[in-house]
Amino acid sequence: MRTTTAWQSTNGSTALKRVPIERRDLRPDDIAVRVDFCGVCHSDLHAIHRGGAPLVPGHEFTGTVAETGAAVTRFAAGDRVAVGTIVDSCGGCPMCRAGQENYCHEFPALTYGGKAGAFGGYSREYVLRETFAYPLPAGLDPAAAAPLMCAGITVWEPLRAAGVGPGTRVAVAGLGGLGHLAVKLAAALGAEVTVLSRTPGKAADARALGAGDLLLTTDEEGMRGARDRFDLVLDTISAPHELSPLLRLVALDGTLSLLGYLAQVPVNAMDLLMGRKKLSSSGTGGTKGTAELLEFCAGRGITADIELLPSGRVAEALTRLERGDVRYRFVLDLSDLD
């Protein structure tokens, strides 16, 4: 076994402790990655609050290959890489063969929890199959690129599935870690982008990110005027909320994609019937889409807007994330674990 250092939560606490952990010895197709930067995701908070076994969160990170297994062909020591939420899958089901390992019929191995164990990217080293690591394109800042591996790919897949491009109208509900990247990516694809918000204070940020407009969801007249307007509404809101107001904004044959709150939600079927509207969702991405996203972002210089913190301040990051005090993604610098 290999030993490294990590930030671990016990008993559901966000006061993570620095501890030694073990990684598996390298298999022939494994690489060991020195984790340099890891994003802090709302999913990390949810996992911590569930409690249970000791947990090392983190599933969007960039780093440097430290060592390779004997059969590795895609990477060499010193290469820059990016790793996301999936680190293995069955490889044989129709979804895996299509490059959609995120929908593996046997369920994929996630970066922490489940089949992969409880130790994720808030650590100095991670070991995984080379198939699920991606070359980090030159020109992308490794800290700001880390959130592309979860937040970025989560919004990228529904944008691509909906065929978003010039002439498409896209609305983004929630201007946080997922939402701000949704605005950037939709605008870069050529869409007309509107941010949906409860307060006018985000108007300047929305336009700086690439949105053409901000629609106040508290403005009843404005919401009525936007009925049936958007081909795609990306709902990145992480708290429970009503779907009916958003579904009314969806155009004929358009889609509302739920990305932020993935628990049970009530749906009025009439909101779908009136306009033949579709309700969808998306969970992270497979190897095909993730590679495409990184290439697209490299070509257009797209990364997340981040606040970079030493990993020793992880408790502060989690506390501030819980109260929404971040623009727009915390990223931990793991070099202080040396």
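Overview of the structure. (Residues numbered from 1 in each chain as written. Predicted model: local features only at pLDDT ≥ 70, side-chain atom pairs only at ≥ 80, totals over all residues. Heavy atoms only, no water.)

### Some points on the overall build of the chain
Here is the rule: Numbering goes from the N terminus for both helices and strands, where a helix is a DSSP run of H or I of at least four residues and a strand is a run of E of at least two. Only C-alpha atoms enter the radius of gyration, while the globule expectation follows 2.2 Å times N to the 0.38, with N the number of residues. Any two residues having at least one pair of non-hydrogen atoms within 4.5 Å are treated as being in contact.
Helices and strands together make up the secondary structure of the chain, namely 11 helices and 17 strands. In terms of overall dimensions, the chain is globule-like: its C-alpha atoms have a radius of gyration of 20 Å, near the 20 Å expected for 338 residues. Principal-axis analysis of the C-alpha atoms gives the chain an extent of 60 × 40 × 35 Å. Sequence separation of 24 or more characterises 65% of the internal contacts of the chain that already satisfy a separation of 6 or more.

### Considerations on the environment of His49
The test is simple: Relative accessibility decides the category of a residue: with a 1.4 Å probe and only protein chains considered, values under 20% of the type maximum give buried, values over 50% give exposed, and everything between is partly exposed. Contacts described as polar in this section are N or O atom pairs within 3.5 Å, which, within protein, must combine one atom able to donate a hydrogen with one able to accept it, while residues neighboring in sequence count only if both atoms come from side chains.
Here His49 lies in helix H1 (residues 42-50). Residue classification places His49 among the partly exposed positions, given a relative accessible area of 44%. For the pair formed by His49 and Ala144, sequence separation is 95 residues and the distance between their alpha carbons is 26 Å. With sequence-adjacent residues up to four places away left out, His49 is seen in contact with Gly12, Thr14 and Glu322. A distance of 2.7 Å separates a polar atom in the side chain of His49 from a polar atom in the side chain of Glu322.

### Here's the deal with the state of the cysteines
The following threshold applies: Any cysteine sulfur atom paired with another within 2.5 Å is treated as part of a disulfide.
Under the criterion given, the structure shown has 0 disulfides. In this structure Cys150 is not part of a disulfide, and its nearest cysteine sulfur, from Cys41, lies 4.0 Å away. Judged by its relative accessible area of 8%, Cys150 is buried.

### Here we look at the sheet that holds strand E11 (residues 192-197)
As a reminder of what qualifies: For two strands to be treated as a pair, DSSP must find no fewer than two bridges joining them. Fitted lines through C-alpha atoms give the axes, limited to the stretch in contact for helices. The angle between two N-to-C directions lies from 0 to 180 degrees.
Across the sheet, 6 strands lie side by side as E12-E11-E10-E13-E14-E15; this open sheet has parallel pairing. Taken across any chain shown, the strands that pair with only one partner, and hence form the sheet edges, are strand E12 (213-216) and strand E15 (278-281). On average, each strand axis in the sheet is inclined to that of its neighbour by 25°, with strand direction left out of account. Bridging between strand E14 (residues 250-258) and E15 involves 4 bridges; their strand directions are parallel. Following the sheet pairing, Leu256 is matched in E15 by Leu279. Along the sheet, helix H4 (residues 151-161) makes contact with strand E10 (169-173), strand E13 (230-235) and E14, crossing E13 at roughly 160°.

### Quick look at the pattern of salt bridges
Filter applied, for reference: The term salt bridge refers to a pairing of a side-chain nitrogen on Lys or Arg with a carboxyl oxygen on Asp or Glu at a separation within 4 Å.
According to the stated counting rule, one finds 25 salt bridges in the structure shown. In this structure, Asp29 engages Arg129 in a salt bridge whose closest nitrogen and oxygen atoms are separated by 3.3 Å. Taken as a pair, Asp29 in the loop between strand E2 (17-23) and strand E3 (30-40) and Arg129 in strand E8 (residues 125-129) lie far apart in primary sequence, 100 residues in all. On the basis of relative accessibility, which here comes to 26%, the residue Asp29 falls in the partly exposed class. Note that Lys184 and Asp305 form a salt bridge whose closest N and O atoms lie 2.6 Å from each other. On the criterion of sequence distance, the pair formed by Lys184 in helix H5 (residues 177-188) and Asp305 in the loop between helix H10 (287-300) and strand E16 (306-310) is long-range, its members being 121 residues apart. Residue class for Lys184 comes out buried when judged on its relative accessible area of 17%. Exposure remark for Asp305: the relative accessible area of 29% places this residue in the partly exposed category. Within this structure, Arg24, Arg27, Asp29, Asp30, Asp88 and Arg129 form a network of salt bridges that share partners.

### Let's talk about the packing of aromatic side chains
Quick note on the threshold: Classification of ring pairs rests on two measures: the distance between centres of Phe, Tyr or Trp rings, Trp counted by its six-membered ring, which must be within 6.5 Å, and the angle between planes, read as stacked under 30 degrees, edge-to-face over 60 and tilted in between.
Within this structure, the stated rule accounts for 2 aromatic pairs. With a centroid separation of 5.4 Å and an interplanar angle of 50°, the aromatic rings of Phe61 and Tyr126 are classed as tilted. Of this pair, Phe61 sits in strand E4 (residues 61-68) while Tyr126 sits in strand E8, and the two are 65 residues apart along the sequence. On the basis of relative accessibility, which here comes to 0%, the residue Phe61 falls in the buried class.

### Considerations on the packing of H4 against H5
In a packed pair of helices, the relevant descriptors are the angle between the two axes and the axis-to-axis distance. Test applied: Note on terminology: angles under 35 degrees are roughly parallel, angles over 145 are roughly antiparallel, angles of 65 to 115 are roughly perpendicular, and the others are oblique. Should the near helix be turned anticlockwise from the far one by less than a right angle, the crossing is left-handed, and should it be turned clockwise, the crossing is right-handed. In the scheme used here, Gly and all other residues not listed as nonpolar or charged are polar, with Ala, Val, Leu, Ile, Met, Phe, Trp, Tyr, Cys and Pro taken as nonpolar and Asp, Glu, Lys and Arg as charged.
The interhelical angle for the contact between H4 and H5, taken along N-to-C directions, is 50°, at an axis separation of 8 Å. By the criterion of interaxial angle, the relationship of H4 to H5 is oblique. You can see that H4 and H5 cross each other, and the crossing is right-handed. Across from Ala151, Gly152, Thr154, Val155, Trp156 and Leu159 in H4, the residues of H5 making contact are Gly177, Leu178, Leu181, Ala182, Leu185 and Ala186. Taken together, the residues of the contact of H4 with H5 break down into 9 nonpolar, 3 polar and no charged.

### What about the environment of Leu294?
Following the sequence through the fold, Leu294 ends up in helix H10. Separated by 212 residues in sequence, Leu294 and Ala82 have C-alpha atoms that sit 9.3 Å apart. In contact with Leu294, not counting residues within four places along its chain, are Tyr134, Pro135, Pro137, Leu140, Leu148 and Met149.

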